[in-house]
Amino acid sequence: MKYIINSFLILISVLTWGCSNDAWDDLPGDISDFITEYFPGSNVKSYTNAADGGHKVTIANGATLIFDKNNRWIEIDGEGVKLPEVLIYDQLPPALYDYLQSTEQQKSVFAMCRDKHFYKLTMLDTVITYNIDTGGITYPGESSVTPSSVSKTS
C-alpha cells in the first residue's frame, strides 16, 4: 500500500512538473540573457512567437518586450513602470542617452521602441524621438536638437 501511495505521489509530481508552463525553457538564449541582465529576478509570464519570426515576452508584474526575428529588441514597454536606467544607458545611442542625462530624464523612460530609422522614447507626458540618420532629437516644445548642441552633465 505504501508503495502504491508513493508511486502515485511521484506520478502526480512528474505530471505537474511536466505540464508546468515554464516560459523560460522556450526562450531563445539571447532573449533570456537580455531579460536576466536588465530585469534580474523576474519571472516570465508568457512567451509567444510572432508570425514574422519575432517574439513577444511578458514579464510577470513587469514589462512587455518585443523582439524581431534576429532576437533584437524592437519595443520595450514598462507597463506603467519606469525602465531600468542601465537598460537605457546600454541600449540607446550615446547621443540620445547624453541628451536624456543633460535634461535629467534618464530615469524617466516608461517605454521605448526602435526601427531602422528612429528610436522613440515614451516619457510620463511626452515622447522623444531620435533620428538615426541625422542624429537629431525631437522633443515636443523644442526645435530639433543635434548631438553637438547637447551639453553633457557630469
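The coordinates are above.
Residues numbered from 1 in each chain as written. Predicted model: local features only at pLDDT ≥ 70, side-chain atom pairs only at ≥ 80, totals over all residues. Heavy atoms only, no water.

Undergrad: Mind showing me how you'd approach the overall build of the protein here?
TA: Along the protein, the regular secondary structure elements total four helices and eight strands. From first element to last, N terminus to C terminus, the protein shows the α and β order α-α-β-β-β-β-α-α-β-β-β-β. Of all 154 residues assigned to the protein, the portion counted as buried reaches 36%. Considering only contacts in the protein between residues 6 or more positions apart, those separated by 24 or more positions represent 35%. In the structure as shown, the protein presents an accessible area of about 9,600 Å², 54% of it carried by carbon and sulfur atoms. (Helix = DSSP H or I, 4+ residues; strand = E, 2+ residues; numbered from the N terminus. Buried < 20%, exposed > 50% of the residue type's maximum accessible area, 1.4 Å probe, protein only. Contact = heavy atoms within 4.5 Å. Areas by Shrake-Rupley, 256 points an atom, 1.4 Å probe, with all protein chains shown as cover.)

Undergrad: How should I be thinking about the sheet that holds strand S8 (residues 137-138) in this particular structure?
TA: Sheet strands pair by backbone hydrogen bonding; their relative direction is either parallel or antiparallel. Pairing is antiparallel across the open sheet formed by eight strands, whose spatial order is S1-S2-S3-S4-S5-S6-S7-S8. The sheet terminates laterally at strand S1 (44-49) and S8, the two strands that pair on one side only. Where S1 lies against strand S2 (residues 55-59), five bridges are found, and the strand directions are antiparallel. Following the sheet pairing, Val 44 is matched in S2 by Ile 59. In the packing of helix H2 (residues 29-38) onto the sheet, contacts are made with S1, S2, strand S3 (64-67) and strand S4 (73-77), and the angle to S2 comes to roughly 30°. Where helix H4 (residues 94-102) meets the sheet, its contacts fall on strand S6 (118-122), strand S7 (127-131) and S8, and the angle it forms with S7 comes to roughly 150°. (Pairing = 2+ DSSP bridges. Axes fitted to C-alpha atoms, helices over the stretch in contact; angles between N-to-C directions.)

Undergrad: Would you explain H2 in this entry?
TA: In an α-helix, one turn spans 3.6 residues, which is why side chains three or four residues apart end up on the same side. Residues of H2 that are buried include every one of Ile 31, Ser 32, Phe 34, Ile 35 and Tyr 38, and no others. Around the axis of H2, the buried residues are gathered within 155° of arc, so they sit on the same side. Residues of H2 that are buried make contact with S1, S2, S3, S4 and helix H3 (85-91). (Arc of directions from axis to C-beta.)

Undergrad: Any chance you could explain H4 here in plain terms?
TA: Considered for burial, the residues of H4 that qualify are Ala 95, Leu 96, Tyr 97, Tyr 99 and Leu 100. Among the residues trailing H4, Glu 104 stands out with phi positive, at a value near 55°.

Undergrad: Before we go on, may I ask you to explain the packing of aromatic side chains in this structure?
TA: Each pair of aromatic rings is reported with the distance of its centres and the angle of its planes. Applying the stated criterion across every chain, the model contains six aromatic pairs. One aromatic cluster is present, built from ring pairs that chain together Phe 34, Tyr 38 and Phe 67. Directly above the ring of Trp 73 sits Arg 114, whose terminal nitrogen or CZ lies 4.1 Å from the centroid. (Phe/Tyr/Trp six-rings, centres within 6.5 Å; stacked < 30°, edge-to-face > 60°. Lys NZ or Arg CZ within 6 Å of the ring centre and 35° of its normal.)

Undergrad: When you look at the side chain of His 55 in this model, what are you seeing that I'm missing?
TA: Along the polypeptide, His 55 turns up in strand S2. At 2.9 Å, the side chain of His 55 forms a polar contact with the side chain of Asn 71. (Polar contact = N/O pair within 3.5 Å; in protein donor to acceptor, adjacent residues only side chain to side chain.)

Undergrad: Looking at this model, I keep getting lost on unusual backbone geometry. Mind explaining?
TA: Negative phi values dominate among residues other than glycine, just as trans dominates among peptide bonds. The backbone of Asn 71 shows a phi angle near 65°, a positive value even though the residue is not glycine. Mapped onto the elements, Asn 71 comes out in the loop between S3 and S4. By relative accessible area, Asn 71 is classed as buried at 19%. Despite not being glycine, Glu 104 has its phi angle at roughly 55°, a positive value. Classification of Glu 104 as exposed rests on a relative accessible area of 68%.

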